[in-house]
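For reference, the chains in residue letters:
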Amino acid sequence: MKNHVIACIMVLLSTGSLVSDAQEVINLYPGAIPDAKSIPVDYVENVATGADGISRVSKVSQPTLSVFLPAREKANGAAVIICPGGGYSILAITHEGYDVAKRFNEIGVTAFVLKYRLPSDQIMTDPAFGPLQDAEQAIYMVRSNAGKWKIDPARIGIMGFSAGGHLASSLTVHYNDVKIANEKQISLRPDFSILIYPVITFGSATHGGSKKNLIGTAPSEEKVKYFSNELGINAQTPPTFLVHANDDKAVPVENSILFNQALVKAGVKAELHIYQGGGHGFGLKNKTTTEDWFKALGAWMKANKFL
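Our subject in this report is the structure included herewith. Note that the coordinates shown come from a computational prediction; the quantities given were computed from them, not determined experimentally.

Quick notes on the rules
- Residues numbered from 1 in each chain as written.
- Predicted model: local features only at pLDDT ≥ 70, side-chain atom pairs only at ≥ 80, totals over all residues.
- Heavy atoms only, no water.
- Helix = DSSP H or I, 4+ residues; strand = E, 2+ residues; numbered from the N terminus.
- Buried < 20%, exposed > 50% of the residue type's maximum accessible area, 1.4 Å probe, protein only.
- Salt bridge = Lys/Arg side-chain N within 4 Å of Asp/Glu carboxyl O.

Even without a glycine there, the phi angle at K150 is positive, about 55°. Its place among the elements puts K150 in the loop between α4 (146-149) and β8 (156-161). For K150, a relative accessible area of 69% gives the class exposed. One non-glycine residue, S162, lies in positive phi territory at about 55°. Within the secondary structure, S162 is located in the loop between β8 and α5 (163-174). The exposure class of S162 is buried, given its relative accessible area of 7%.

This next bit is on the pattern of salt bridges. Evaluation of the coordinates by the stated rule reveals 11 salt bridges. With a shortest N-O distance of 2.5 Å, D292 and R103 are connected by a salt bridge. Taken together, the positions of D292 in the loop between β11 (270-275) and α9 (293-303) and R103 in helix α2 (residues 94-106) put the pair 189 residues apart, joining distant regions of the chain. Between K223 and D126 there is a salt bridge whose closest N-O contact spans 3.2 Å. Of this pair, K223 sits in helix α7 (residues 221-226) while D126 is found in the loop between β7 (110-115) and α3 (130-144), placing the two residues 97 residues apart along the sequence. D126 gets classed as partly exposed once you look at its relative accessible area, which sits at 28%. A cluster of three or more residues bridged by salt bridges with shared partners is formed by R103, E106 and D292.

Listed below in structure tokens is the structure:
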């Protein structure tokens, strides 16, 4: 217990300054974290800021939600849960998290940045499902507290970048595979999904690092199929907005194409933006174009009555 308290204090000291614009940071689970092991004393969350100005978090064992509320006069009742990327080894928490939440606030959307557990057999009994549990718990918490944050429980979306896009797409297709204590029997289905240069498949077009970090070097065929999210789409899959670049060398554009094709086949509303350049990890700003994909996203949300 003493070691756990020390670890929590170090986490707060290392991350507190990063979330100064969040109105609230809450532990994702009010009680015990599901399938968690005792945290080793040397397993301490770490934040490192690179020369690019991006802060990256590693060794996450205590998942949290950072709450970003829009100005009262702008708030429109929509909400989105944001999953930063990082290959399931780190979280690009500012670049693909807090910065994006602030942009959503500008258009009246309440945003929640999910600091999810990163797969590790040091802290989880089954590392492959820890992040998905956290995504399910996030939407459970947001939807069950919709009144507190003055949001519409029927307009709550999930968003993810890169490996965070894989997590978001996993919830998008596996929301009925409940892996948390859903005491209130609340729907875990996102009302819409936003996937930015996402890892989708664990097939031939996958991002090797994300696949290895989530399901290991010798995964079962069952897990490969389960986490190839293009295979889980059906007519009830939430409407989805996707962004990718043709020259993405880390996560091939085929990932978004596969997901979009499956959505179209299932009759699900979808919009896919593919840029000729931009590479991987451009966040809010693709420097190869004057087009602002976030504005296109806002237009899509309005067209589908999420705003």
